[in-house]
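# Examination of the molecular architecture
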Amino acid sequence: MKKKYLYNYSFYTTKGIRPVNEDAGWIGTNKFNQTLAIICDGVGCQKGSDLASSITVDIFKNSFIKKKTKIFAINRWVNKNLLKTFLKLNSIAKNNLQNKQISTTMILCFMEKNIAHIFWIGDSRIYLFSSSNNSWKQLTKDHNLYNYLTDKKASSLMFDKYKDKFYYLTKSISNKNFKVSDVEHKKIKINQSDIILLLSDGAYNYIDFDEVIKYIKDNRENHTSFAKQISKIALNNLSDDNISVIYIDFLNNNNGKN
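For the structure given in this document, a descriptive report is provided here. No experiment lies behind these values; they were computed from the predicted model shown.

Criteria and thresholds
- Residues numbered from 1 in each chain as written.
- Predicted model: local features only at pLDDT ≥ 70, side-chain atom pairs only at ≥ 80, totals over all residues.
- Heavy atoms only, no water.
- Helix = DSSP H or I, 4+ residues; strand = E, 2+ residues; numbered from the N terminus.
- Rg over C-alpha atoms; globule rule 2.2 N^0.38 Å.
- Buried < 20%, exposed > 50% of the residue type's maximum accessible area, 1.4 Å probe, protein only.
- Areas by Shrake-Rupley, 256 points an atom, 1.4 Å probe, with all protein chains shown as cover.
- Arc of directions from axis to C-beta.
- Contact = heavy atoms within 4.5 Å.
- Polar contact = N/O pair within 3.5 Å; in protein donor to acceptor, adjacent residues only side chain to side chain.
- 1 Å grid on protein atoms, 1.4 Å probe; cavity = no way out; pocket = protein on both sides within 12 Å on 5 of 7 lines; lining within 4 Å.
- Points joined across faces, edges and corners; volume = space filled by probe spheres on them.
- Nonpolar A, V, L, I, M, F, W, Y, C, P; charged D, E, K, R; others polar.
- Axes fitted to C-alpha atoms, helices over the stretch in contact; angles between N-to-C directions.
- Left-handed = near helix turned anticlockwise from the far one by under 90°.

## Considering the overall build of the protein chain
- When its secondary structure is counted, the protein chain shows 7 helices and 12 strands.
- Taken over C-alpha atoms, the radius of gyration comes to 18 Å for the protein chain, in line with the 18 Å a tight globule of 258 residues would show.
- C-alpha atoms of the protein chain, sized along the principal axes, occupy 50 × 45 × 40 Å.
- Residues counted as buried form 50% of the 258 residues belonging to the protein chain.
- Of the roughly 13100 Å² of accessible surface on the protein chain, a fraction of 48% belongs to carbon and sulfur atoms.

Take a look at the structure:
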């Protein structure tokens with residue numbers, strides 16, 4: 001597990017039982033003590049979904065690492081890279097995929113000191129474990145048909161009509177029908193000893209969060225790569241999807257631990 005500034009963190013991804021890993025992710029800290037975590041999950045029913053996820057991660061990663069000044073306007077920086085991603089996906093689809101749709105979900109966490117900016121589109125999720133009340137909270141809301149119908153206060157007839165399609169994505173980063181404004185954002189304050197998890201659906205659908213936090217508490221001082229261990233829990237619970245996990249531990253001191 002890497003240890004930087006206020007955080008211990010680790011990232012792990014695996015194809016699981018699938019033939020190809022359509023997930024991609026990264027976490028790192030720049031020279032200005034800012035930390036970026038990102039996971040993208042390519043939409044598996046589309047050809048080139050692994051490209052969509054890896055391209056999105058690479059664009060944000062490279063922009064973050066190579067930027068010569070501190071990032072102040074977080075929203076503007078994210079929107080700029082979303083637009084760059086859209087143009088790149090559009091070019092690939094046009095030149096290599098007969099202009100077919102190529103899409104990915106995205107969850108992103110941008111951290112500086114005790115502030116985290118959360119961005120998301122699609123159905124990967126970010127969770128916060130609060131040390132103050134010893135509980136988990138889902139910070140993101142899935143962009144799927146069920147939540148869309150709920151937000152629109154659809155009739156029971158509509159829910160019944162689409163009951164077999166509740167988990168269909170309604171938003172993603174794509175070369176078609178994508179707007180930068182589709183990506184949601186919230187800003188949160190982090191307390192010492194809190195934990196943030198970024199999880200693809202192949203992970204969160206197959207873990208028990210009480211089991212996860214017990215394992216973390218029992219092994220926290222060992223600096224285990226918790227991302228890999230959480231992935232193993234999902235795989236042991238018969239996950240049938242790609243699995244990606246980013247674990248971020250907000251330490252009890254300002255300098256980290258060795």
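Read on for the rest.
## Some points on helix α6 (residues 209–219)
- Every buried residue of α6 is accounted for by Phe209, Val212, Ile213, Ile216 and Asn219. The buried side chains of α6 occupy one side of the element, clustering within an arc of 145° when seen end-on. Along α6, exposed side chains directed more than 90 degrees from the buried face belong to Asp210, Lys214 and Asp218.
- Looking at the buried side of α6, the elements it contacts are β7 (125–130), β8 (135–138), β11 (195–199), α5 (201–204), α7 (226–236) and β12 (243–250).
- Put simply, Asp208 is the residue that caps the front of α6, since its side-chain oxygen is 2.9 Å from the backbone nitrogen of Asp210.

## Observations regarding the layout of surface pockets
- There is about 530 Å³ of room inside the largest pocket.
- Surrounding the largest pocket, 22 residues form its lining, Asp41, Asp123, Tyr167, Asp201 and Asp241 being those nearest its centre.
- Listing elements by their share of the lining of the largest pocket, those giving two or more residues are β4 (34–42) and α5.
- If you tally residues by element for the lining of the largest pocket, the top one is α5, at 3 residues.
- Looking at the lining of the largest pocket, its residues break down into 7 nonpolar, 6 polar and 9 charged.
- Reported here for the second largest pocket is a volume of approximately 230 Å³.

## Topic: the packing of α6 against α7
- Between α6 and α7, the least distance of the axes is 11 Å, while the angle of their chain directions is 145°. Taken as a pair, α6 and α7 cross one another with a handedness that is right-handed. Across from Glu211, Val212, Tyr215, Ile216 and Asn219 in α6, the residues of α7 making contact are Phe226, Gln229, Ile230 and Ile233.
- Looking at the contact of α6 with α7 residue by residue, the class counts come to 6 nonpolar, 2 polar and 1 charged.

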